[in-house]
Every structure is written in structure tokens, then in C-alpha cells.
Amino acid sequence: QVYLVESGGGLVQPGGSLRLSCAASGSILRSYSMGWYRQVPGKERVLVAYNTRTGIRNYADFVQGRFTISRDNAKNTVSLQMNSLKPEDTAVYFCEVIDANGMVYWGNGTLVTVSS
């Protein structure tokens, strides 16, 4: 069994910052890729950013320059620093981990609400 525990969501005003964290535990092999997706009601889940074990980072165009992803390989954790938040960033954010065998795991999601 693999567990992904997300934390850090909440309510923030436009222009503010939040930091999301995700910790992977359980019977997981070395994680190849760790990342974040987001989803709003009625729409598909979309990639926000990912970070591979070798240090490759990729960001969606809509967060370039505002969000930063980082990971700790030893601890199997991934974080997402979100700055200059906009109302359109409001969504449920999901942690995704892909292990060395290609198995994909998802967290339960954490709600981020950007509103004044």
C-alpha cells in the first residue's frame, strides 16, 4: 500500500502565497517523478508541475514564474511553492507520484482557494 499525504492548502488572498507539500510512504519503490496536478469542478485534471528524480522540472505555462516545485529524494517528498496567486488558481491540487516501475499514485487532494 502506498500513501500520499498532502498538506498546505487553504484560503489566500489574490497576490498571496501558499506552499503545498506531499509525502509518499508505504511500499513505494524509488519515485521517478513527483508532481502536482489541479482540477476544478467540471473540468479535467491538468498538470501544474513535475520534478523527476534526476532533477528535470517542467511547469504548465499558466504557472511559469510564479510556482516552484522541489523534492527531497531521501524523504520522498515534493513541495510546490505558489506565489502571486490568482483567483483562477483556485482548484483542488493533487500530488502524483510515479515509481521506478511506472506505477502511478495519487493523493486525495488539497483545496486551494484564492479569493478576497
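Above this text you will find the structure in question.
In this text, all values refer to a predicted model and were calculated from it rather than measured experimentally. (Residues numbered from 1 in each chain as written. Predicted model: local features only at pLDDT ≥ 70, side-chain atom pairs only at ≥ 80, totals over all residues. Heavy atoms only, no water.)

Of note, Thr77 is situated in strand β8 (residues 77-82). Between the alpha carbons of Thr77 and Ser21 there is a distance of 7.2 Å; along the sequence they are 56 residues apart. Apart from the residues lying within four places of it in its own chain, the contact partners of Thr77 are Cys22, Ala23, Met34, Ser70, Arg71 and Asp72. (Helix = DSSP H or I, 4+ residues; strand = E, 2+ residues; numbered from the N terminus. Contact = heavy atoms within 4.5 Å.)

Moving on: the pattern of salt bridges. Per the counting criterion, the structure on display carries two salt bridges. Its salt-bridge partner being Arg38, residue Asp89 comes within 2.9 Å of it at the nearest N-O pair. With Asp89 in the loop between β8 and β9 (91-99) and Arg38 in strand β4 (residues 31-39), this pair connects stretches of sequence that are 51 residues apart. (Salt bridge = Lys/Arg side-chain N within 4 Å of Asp/Glu carboxyl O.)

It is worth spelling out the packing of aromatic side chains at this point. Inspection of every chain in the model, using the stated rule, returns one aromatic pair. On the basis of an interplanar angle of 75° and a centroid distance of 5.0 Å, the ring pair of Tyr37 and Trp106 is categorised as edge-to-face. Highlighted residues: Tyr37 in strand β4 and Trp106 in strand β10 (residues 104-106), separated in sequence by 69 residues. Tyr37 gets classed as buried once you look at its relative accessible area, which sits at 19%. For Trp106, a relative accessible area of 37% translates into the label partly exposed. Over the ring of Phe94 we find Arg45; its NZ or CZ atom is 3.6 Å from the centre of that ring. (Phe/Tyr/Trp six-rings, centres within 6.5 Å; stacked < 30°, edge-to-face > 60°. Buried < 20%, exposed > 50% of the residue type's maximum accessible area, 1.4 Å probe, protein only. Lys NZ or Arg CZ within 6 Å of the ring centre and 35° of its normal.)

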